[in-house]
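A structural walkthrough
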Amino acid sequence: MEAMLHITTLHYLVLGAALFLLGVIGVLTRRNVVIVLMSIELILNAVNLNLVAFSRYWQGMPGHLGGPGALHGQVFAIFVITDAAAEAAVGLGILIAFFRNKETVNVDEVNLLKW
Amino acid sequence: MNPPVATPFFFYLLATTMIVGGILVITRKNAVHSALALITTLLAQAALYLMLYAPFVAGVQIILYAGGIMVLFLFVIMLISIERAAKERQFNKQWLVGIAAAAALGGLFIAIYTTTTKGKTLFPEGQVSYGESQNTQAIAALLFDRVHGTYMFAFEIASLLLLVAIIGAVVMAKKRI
């Protein structure tokens, strides 16, 4: 109970792992490509949560990597958000082109290159 | 500086919101419902960023993620026909393999997070409370200060990446490629 009530970095990591697993399950099992893209967003957010939690962790650590100025995790989280925006734009563009040609949004019907 | 108030309560409330939202994202038939659940998850995560003393990332999360990217998703959902997709089979034939792979990954996570050395887990807590009034300035100094800007080059590369992505999205969405 004591370990439950004192929120540590590990709590955030476990939450991030749970979100990551939900995203992986969504990517691997869903057919609708829009929901697959949303699951990828879930995965990226889980990584972001870990990065910010580690940033908080290093702010409390001594040494040249730690200290109050240790914001590298938050800067990386911002880069990941930028990547997520680029990925969403390109992915949804591909989705529109694909839907125009094949009239479907199911990933298992994208099998032109399948032998 | 004020100490944080009722941290466990808010952490578990927001964590529950995020997990439930995530489960709704991957189980709903209607893609719009999934998008709304994902927005809920993203907003709860922004609140968690505030609890982690990261107000700038929280603001970016709300404005860019919940505001920008999710609106893009909703627009595309409106462009493609969701009525027919909602009536079809929702899970592919490899769902059993997918669940097994996710379970293996979960086992890996559990193995790492329960590993202890000398009675302590690998990730103990940093103890110092840190003021958030300087957070945005400090991040800006890291990103684009001429002297201390460790990530200035990466920042420029990121803007180039966004330009390429925008051009790619426009080309993809054209009538005939």
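Quick caveat: nothing in here was measured; it's all calculated off a predicted structure. Every chain is numbered on its own, with residues counted from 1 as its sequence reads. Here the convention is simple: chains get letters from A, ligands get numbers from 1, in the order in which they are written. With pLDDT at 70 or above as the cut-off, local features in this predicted model cover only qualifying residues; side-chain atom pairs require 80 or more to be listed or tallied, and sums for whole chains, interfaces and linings still use all residues.

Only runs of H or I of at least four residues qualify as helices and only runs of E of at least two qualify as strands under DSSP, and these elements are numbered from the N terminus. The helix and strand inventory of chain B stands at 7 helices and 2 strands. Starting at the N terminus and ending at the C terminus, chain B contains elements arranged as α-α-α-α-α-β-β-α-α. Using C-alpha atoms as the atom set, the radius of gyration is obtained and then compared with a globule rule of 2.2 Å times the number of residues to the power 0.38. Relative to the 2.2 N^0.38 estimate, which gives 16 Å for 177 residues, the radius of gyration of chain B is 21 Å and therefore markedly larger than a compact globule would have. Along the longest, intermediate and shortest principal axes, the C-alpha atoms of chain B span 55 × 45 × 30 Å. Any residue surrounded by 20 or more other C-beta atoms within 10 Å of its C-beta is treated as buried, while 12 or fewer makes it exposed and the intermediate range makes it partly exposed; C-beta atoms here are placed from the backbone. A burial count over chain B gives 24% of its 177 residues as buried.

The number of helices and strands found in chain A is 4 helices and 0 strands. Shown N-terminal to C-terminal, the secondary structure of chain A runs as helices and strands in the order α-α-α-α. Its C-alpha atoms give chain A a radius of gyration of 19 Å, clearly above 13 Å, the size a compact globule of 115 residues would have. Expressed as lengths along the three principal axes of its C-alpha atoms, the size of chain A is roughly 55 × 35 × 25 Å. A sequence separation of at least 24 residues applies to 51% of the contacts in chain A between residues at least 6 apart. Each residue is represented by a C-beta atom placed from its backbone, and any two residues with such atoms within 7 Å are regarded as in contact.

Attention now goes to the interface of chain B and chain A. Each side of the interface is counted separately: chain B has 74 residues, and chain A has 65 residues. For the side of chain B that touches chain A, the secondary structure elements donating two or more residues are α1 (7–27), α2 (31–51), α3 (55–79), α5 (95–113), α6 (135–144) and α7 (152–172) of chain B. At 12 residues, α3 of chain B tops the list of elements feeding residues into the side of chain B that touches chain A.

Tracing the backbone shows Ala-84 of chain A in helix α4 (residues 72–102). Each C-alpha atom of the pair Ala-84 of chain A and Leu-44 of chain A lies 7.2 Å from the other, and the pair is 40 residues apart in sequence. Those residues within four positions of Ala-84 of chain A in sequence are excluded, and the remaining contacts are Glu-41 and Leu-44 of chain A together with Ile-69 of chain B.

Another point: α2 of chain B. Taking 1.5 Å of rise per residue, 21 residues should cover 30 Å, and α2 of chain B covers 30 Å from first to last C-alpha, within 8% of that figure. Among all positions in α2 of chain B, only Ala-31, Ser-34, Ala-35, Ala-37, Leu-38, Ile-39, Thr-41, Leu-42, Gln-45, Ala-46, Leu-48 and Tyr-49 of chain B are buried. Against the buried residues of α2 of chain B lie α3 (33–59) of chain A together with α1, α3 and α4 (82–87) of chain B. Among the residues trailing α2 of chain B, Tyr-53 of chain B stands out with phi positive, at a value near 60 degrees. Here a helix's expected span is defined as the number of its residues, less one, multiplied by 1.5 Å.

Taken domain by domain, chain B consists of domain 1 (1–88) and domain 2 (134–177). Segment limits for the domains were obtained from an automatic or database-derived domain assignment. Each of domain 1 of chain B and domain 2 of chain B has a C-alpha centre, and these two points are 23 Å apart.

Of all hydrophobic cores here, the largest spans 73 residues; its most connected members are Val-34, Met-38 and Val-52 of chain A together with Val-57 of chain B. For this core, the secondary-structure elements that each account for two or more residues are α2 (9–29), α3 and α4 of chain A together with α1, α2, α3, α6 and α7 of chain B. It is α3 of chain A that provides the largest number of residues to this core, a total of 15 residues. The contact partners of Val-57 of chain B, leaving out residues within four places of it in the chain, are Val-52, Gln-74, Ala-77 and Ile-78 of chain A together with Tyr-49 of chain B. Working definition: the nonpolar core is a set of buried Ala, Val, Leu, Ile, Met, Phe, Trp, Tyr and Cys residues, joined through C-beta atoms within 7 Å.

Attention now moves to the packing of α2 of chain B against α3 of chain B. All names here are of chain B. Angles run from 0 to 180 degrees between N-to-C directions of axes, and those axes are lines fitted to C-alpha atoms, restricted for helices to the stretch in contact. Between α2 and α3, whose axes approach to 8 Å, the crossing angle comes to 175 degrees. Taken together, the axis directions place α2 and α3 in an arrangement best described as roughly antiparallel. Only Pro-55, Val-57, Ala-58, Gln-61, Ile-62, Tyr-65, Ala-66, Met-70, Phe-73, Leu-74 and Ile-77 of α3 make contact with α2, whose side of the interface consists of Ala-31, Val-32, Ala-35, Leu-38, Ile-39, Leu-42, Leu-43, Gln-45, Ala-46, Tyr-49 and Leu-50. Throughout, the ten residues Ala, Val, Leu, Ile, Met, Phe, Trp, Tyr, Cys and Pro are labelled nonpolar, Asp, Glu, Lys and Arg are labelled charged, and all others, Gly among them, are labelled polar. Among the residues forming the contact of α2 with α3, the class breakdown is 20 nonpolar, 2 polar and no charged. Each angle is binned into one of four classes, with values under 35 degrees roughly parallel, values over 145 roughly antiparallel, values of 65 to 115 roughly perpendicular, and all other values oblique.

What follows concerns unusual backbone geometry. Positioned with a positive phi, Glu-103 of chain A is a non-glycine residue whose angle comes to about 60 degrees. With respect to the helices and strands, the residue Glu-103 of chain A is situated in the segment after α4. Judged by C-beta crowding, with 11 C-beta atoms within 10 Å, Glu-103 of chain A ranks as exposed. Non-glycine residue Tyr-53 of chain B carries a positive phi angle of around 60 degrees. According to the C-beta neighbour criterion, Tyr-53 of chain B is buried, with 21 such atoms within 10 Å.

When pLDDT is averaged along chain A, the result is 86; 90% of the residues meet or exceed 70. As a per-residue measure, pLDDT reflects the predictor's confidence and takes values from 0 up to 100. Considering each helix and strand of chain A separately, the mean pLDDT is smallest for helix α1 (residues 2–5) of chain A, with a value of 64, and largest for α2 of chain A, with 92.

As a further point, take the confidence of the model for chain B. Residues and elements named next belong to chain B. For chain B, per-residue confidence averages 85 on the pLDDT scale, and residues scoring 70 or more make up 91% of the total. Confidence scores differ between elements of chain B, with strand β2 (residues 120–121) showing the lowest mean pLDDT of 72 and α2 the highest of 93. Model confidence for the complex is summarised by a pTM of 0.88, with the ipTM given as 0.89.

Looking now at the packing of α4 of chain A against α7 of chain B. Contact geometry of α4 of chain A with α7 of chain B gives a least axis separation of 8 Å together with a crossing angle of 10 degrees. In terms of their interaxial angle, α4 of chain A and α7 of chain B are classed as roughly parallel. Pair α4 of chain A / α7 of chain B crosses with left-handed handedness. On α7 of chain B, the residues that touch Phe-79, Thr-82, Ala-85, Ala-86, Ala-89, Val-90, Gly-93, Ile-94, Ile-96 and Ala-97 of chain A of α4 of chain A are Ala-154, Ala-158, Leu-161, Leu-162, Ala-165, Ile-166, Gly-168, Ala-169 and Met-172 of chain B. Put simply, a crossing is left-handed when the front helix is turned counterclockwise from the back one by less than a right angle, and right-handed when it is turned clockwise.

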